[in-house]
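# Residue-level structural notes
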Amino acid sequence: MTQVAGRGRAPWGSSWVRWALAGLAAAAAALALPQPAAAEGPEAAGVVIVGIPGLSWADIDEGATPNLWALADEGASAAMSVRTLGSWTCPEAGWVSLGAGERAGGVAARDAQCSAQSALEAPADTGSGWTVEGWDAFIEANSAFNYGARLGSLADALAEAAQAQQEAAAAAAADGEPAPEPNPGSCVAGIGDGAALAAADTEGRIAYWAPGLDALPEAMAACDVVIVDPGVVVGDADDRAPDTTTDYDQLGEDDTEVGTDATSPVEDAGAITPDADPVREAAARAADAAVGQVREALPEDWRLIVAGVADAAAPSSLHPVLYTGPGIAPGELTSSTTGRDGYVQLTDLTATALAVVGADIPAAVAGSPVAVRPDPGHTAAAAVARGVDETAASAANAAVSPNFYWTLSFTGVAVMLAAAYYLTGPDRLRRTVRTLLIAFSTVPVAGLAAGIPPWWRTDHPKLAFWGLIVAGAAILTAAVSLPWTRRGARPVLIVAGACAALIAVDQISGATWPLHTPMGYTAQAGARFTGLGNYAFSVFAAAIILLVCFIPWRGRTRVWGPLAIGACAVVIVGAPMLGRDMGGTLTLVAAGILCCLKLWGRRLSLGSLALAGGLAFTVFAVGGVLDYLRPEEDQTHLGRFVGSVLDGSAQLILIRKARAALGTVDESMAFISFAALVAAVIVWRRRAPIRTTPVAAAVTGLTTVAVIGGLVNDSGMAIPGFTAALAFGLLAVAVGPRRDQPAPAPAPPATRAPAAT
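Residues numbered from 1 in each chain as written. Predicted model: local features only at pLDDT ≥ 70, side-chain atom pairs only at ≥ 80, totals over all residues. Heavy atoms only, no water.

Looking only at helices and strands, the protein features 23 helices and 13 strands. The buried share of the protein, taken over its 757 residues, is 55%. Pairs at least 24 apart in sequence give 77% of the contacts found in the protein among residues at least 6 apart. (Helix = DSSP H or I, 4+ residues; strand = E, 2+ residues; numbered from the N terminus. Buried < 20%, exposed > 50% of the residue type's maximum accessible area, 1.4 Å probe, protein only. Contact = heavy atoms within 4.5 Å.)

Turning next to the environment of Leu216. Within the secondary structure, Leu216 sits in helix H8 (residues 216–222). A residue is classified by how much of its surface remains accessible, and Leu216, at 1% relative accessible area, is buried. Along the sequence, Leu216 and Ala189 sit 27 residues apart, while their C-alpha atoms lie 9.3 Å from each other. Residues within four places of Leu216 in sequence aside, it is in contact with Ile191, Val226, Val228, Val294 and Ala297.

Geometrically, a pair of aromatic rings is defined through the distance of the ring centres and the angle of the planes. Overall, the coordinates contain 14 aromatic pairs when judged by the stated rule. Ring centres of Phe404 and Phe465 lie 5.9 Å apart, and the angle between their planes is 75°; this geometry places the pair in the edge-to-face category. Of this pair, Phe404 sits in helix H11 (residues 380–424) while Phe465 sits in helix H13 (residues 461–479), and the two are 61 residues apart along the sequence. Across the pair, Phe465 and Phe404 agree in class, each one buried. Here Trp455 and Trp456 contribute two aromatic rings whose centre-to-centre distance is 6.1 Å and whose plane-to-plane angle is 80°, an arrangement assigned as edge-to-face. Trp456 shares its class with Trp455; the two are buried. (Phe/Tyr/Trp six-rings, centres within 6.5 Å; stacked < 30°, edge-to-face > 60°.)

Tallying each qualifying case throughout the model produces 7 salt bridges. For Asp201, the salt bridge goes to Arg205, with nearest N and O atoms at 3.2 Å. With its nearest N and O atoms 3.2 Å apart, the salt bridge here joins Arg373 to Asp341. Of this pair, Arg373 sits in strand S13 (residues 371–374) while Asp341 sits in the loop between strand S11 (331–334) and strand S12 (343–345); the two residues are 32 residues apart in sequence, bridging distant segments of the chain. On the basis of relative accessibility, which here comes to 27%, the residue Arg373 falls in the partly exposed class. By relative accessible area, which is 37% here, Asp341 ends up partly exposed. (Salt bridge = Lys/Arg side-chain N within 4 Å of Asp/Glu carboxyl O.)

Turning our eyes to something else, we now look at unusual backbone geometry. Pro315 follows Ala314 through a cis peptide bond whose omega is 0°. Along the chain, Pro315 falls in the loop between strand S9 (302–307) and strand S10 (318–324). Here Cys114, not a glycine, exhibits a phi torsion of approximately 55°, which is positive. Take Cys114: it is sitting in the loop between helix H3 (91–100) and helix H4 (115–118). Among the residues examined, Cys114 registers a relative accessible area of 0% and is labelled buried.

The sheet built from 3 strands is open, its strands ordered S3-S4-S6 with antiparallel pairing. Looking at the sheet topology across the chains shown, the edges are occupied by strand S3 (124–125) and strand S6 (205–206). Of the strand pairs in this sheet, strand S4 (residues 130–131) and S6 are connected by 2 bridges, and their pairing is antiparallel. Across the sheet, the residue bridging to Trp130 is Ile206, located in S6. (Pairing = 2+ DSSP bridges.)

A separate point is a nonpolar patch on the surface. Where nonpolar side chains cluster on the molecular surface, the patch consists of Trp406, Phe410 and Phe671 and spans about 300 Å² of accessible area. Note that Phe410 resides in helix H11. (Patch = residues over 30% accessible without salt bridge, like charges linked within 9 Å, V, L, I, M, F, W, Y side chains within 5 Å. Areas by Shrake-Rupley, 256 points an atom, 1.4 Å probe, with all protein chains shown as cover.)

Turning to the state of the cysteines, a few remarks are in order. For the structure on display, the rule yields 2 disulfides. One disulfide in the model links Cys90 with Cys114; its S-S distance is 2.1 Å. Every disulfide takes its handedness from the sign of the S-S torsion; for Cys90 and Cys114 that torsion is -75°, giving left-handed. A residue pair is termed long-range when its members are at least 10 positions apart, and Cys90 in the loop between strand S2 (76–81) and H3 and Cys114 in the loop between H3 and H4 qualify at 24 residues. For the pair shown, Cys90 and Cys114 are each scored as buried. Each sulfur in the disulfide pair Cys187 and Cys223 lies 2.0 Å from the other. Its S-S torsion of approximately -105° makes the covalent link between Cys187 and Cys223 left-handed. (Disulfide = S-S within 2.5 Å.)

So, on to helix H23 (residues 718–735). Along its 18 residues, H23 runs 25 Å from first to last C-alpha, staying within 8% of the 26 Å computed at 1.5 Å per residue. Within H23, the axis deviates most sharply at Ala724, by approximately 40°. Counting buried residues in H23 gives 18 out of 18 residues, a clear majority hidden from the surface. The first or second residue beyond H23 is Gly736, which carries a positive phi of 90°. (Expected span 1.5 Å × (residues − 1). Bend = angle between axes of the 7 residues up to and from the residue.)

Another aspect to go through is the confidence of the model for the protein. Of all residues in the protein, 75% have pLDDT values of 70 or greater, and the mean over the chain is 77. Here residues 24–42 is a poorly scored stretch, pLDDT under 50, and it has 48 contacts once near neighbours within four places are set aside; other chains count. Contacts from residues 750–757, a stretch scored under 50 in pLDDT, to residues over four places away or in other chains number 0 contacts. (pLDDT = per-residue confidence, 0-100.)

Contact geometry for H11 and H23: axes closest at 10 Å, N-to-C directions at 20°. Taken as axis vectors, H11 and H23 run roughly parallel relative to one another. H23 is crossed by H11, and the crossing has left-handed handedness. Note on element contacts: H23 touches H11 through Phe722, Ala724, Ala725, Phe728, Ala732, Val733 and Val735, opposite Tyr405, Leu408, Met416, Ala419, Tyr422 and Leu423. Residues belonging to the contact of H11 with H23 are distributed by class as follows: 13 nonpolar, no polar and no charged. (Axes fitted to C-alpha atoms, helices over the stretch in contact; angles between N-to-C directions. Parallel < 35°, antiparallel > 145°, perpendicular 65-115°, else oblique. Left-handed = near helix turned anticlockwise from the far one by under 90°. Nonpolar A, V, L, I, M, F, W, Y, C, P; charged D, E, K, R; others polar.)

Soluble globular proteins tend to pack their nonpolar side chains together in the buried interior. Formed by 99 residues in total, the largest nonpolar core has its most connected members in Met416, Leu437, Phe540, Phe550, Phe722 and Leu726. Listed in part, the 52 residues of the second largest apolar core include Met80, Ala198, Val309 and Val370. (Core = buried A, V, L, I, M, F, W, Y, C linked by side-chain atoms within 4.5 Å.)

Below, the structure written as structure tokens:
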């Protein structure tokens, strides 16, 4: 049987302890290195937020929408994800989420054309104010979801600020000190039906409301934050809408098929210049006229935000945010929730409004204030072109992702069984099967590299994407099939090294490539805009384990070599300026420790498991606490998770992640996970044990990545699925096939004794 040669036991003692502690300390310290923060501009007297559901970057045109074009030219801008509950956000849910500062849903049916959630009712006039009709129904509907949305958080935060000012003034007066003048404008005013949902407090009450823009000066005199709904939804005509046949009315349902070929075909999703639609153009012109009216009434010391706060129909899309006013330089917007210039989320607008008027941002608000990245060369034409391109990239990625996952998984089922055949079956077809195993393992690597060229800008984005996948896999397979690269474990080291290097370079250079491939997240989903996504983490962790196990270490390098690679990998996965993956950090530390212990010849025991778990949790906790101690605007979701633990809301996050993980049991990548398990059982029964240290260490590390990663990440079964996609076939190649036993030689014919004469 051909196997990779094993190693002897590594030295065990104070030397290893010093190396291990030094590596873990360096990794934990690197997890909390601060990120540069943008300088804050001067405070403004107030802010007006104009929400235009359905507004896209392609709607902003110098001739058709001159006011929006001017805002894009003179201020800062970004592409915004409006993702709340489900795969697309209708206007009612968008307005409610703006007022909550958290992902929330409406009460009307969320149909594919958003017709029900676009028909909003005006608030009721109680004589002493206004109140949203049926507010209790909104509270009840959102209590069923695990985002913990506290509806009305924006208005309540301003009311609490006003109360704090009054208490401070009273305390100063009682002490005989000069009393600060309370700000009478610490409230939220709403203009338009949708704005009423965003301006309401937790009881559904509104401090000031008016139906039309004529009341804008009065609203600004009453409150420092004014939300405007011009009453326009920028959408396509019924016969041109992306989905006119399917009724998606399950509130909060995550309809993952919306926007895919199965339900809503969108021709040329990556096209940058869509055909003109007179209905959409008329709506965009009406919205632009409303923005012009707001600009005319806006005082010089007020800021203005214009944003597409919701989708007009399924599927979801990115929408523009335009921000102008005192202290806002031309450039791009960003926030700590995205960590990427040019991208923000809907909930960031809530936090921004509070920050502008100097109010505290409550823990219930998930967003962060936007920051401006000044750009001296900023122009409206460049901003719109960039926004259109980002929207096209996100839409094209969403269109190809389902087919990529299902193709990878179904092909992977056959490949997992082929790997079992390669390890336990007869000699015939082994060379072909070996090539198949290597080729399939290169597909995730090709999927990562596919994000480098702008494939979504082509006339046929899907064809271009699959062409890149096939080309990348073919090139890498050919590279490991040369006479000097195909021997022993060299194919494993080359493919795993290419994968690890690709992800490391991407993270260091800004984490751009996976954002535009199915190996990352689409920006419109609002899950992750930078850092290391769960899918990319899975293949990265698998690649690191394979490298650690199959690099031919010699002497002391058997100790510090794996530790050095592991520490660097942990930094790449968990550092705030790099991977930002808290679940991945926990998983990789535990897997790396167990893998190294096995590689160094140590027998795994309950003590070893406790050591791995304890050190993994320590690195996770230290990195999280240090991140939490940084300024709130610089914190990643690791630090915000520590904050949620302290304020008692962490259980909602854990429940939501657990439900998401359980929901992946019947999704595409689950099939390859189950196939890998079946193949492993076949190999174990027919060929176990494989007594080589590197193989045992690799099996230990990869199994830990698959199990712990699947448990602590909301991607669930996708973690072992992608781990198997990269590593299972490569591990089989490293082990090598079982040589058929030669047939026993035939026994010589028996000789008879000569007959007696």
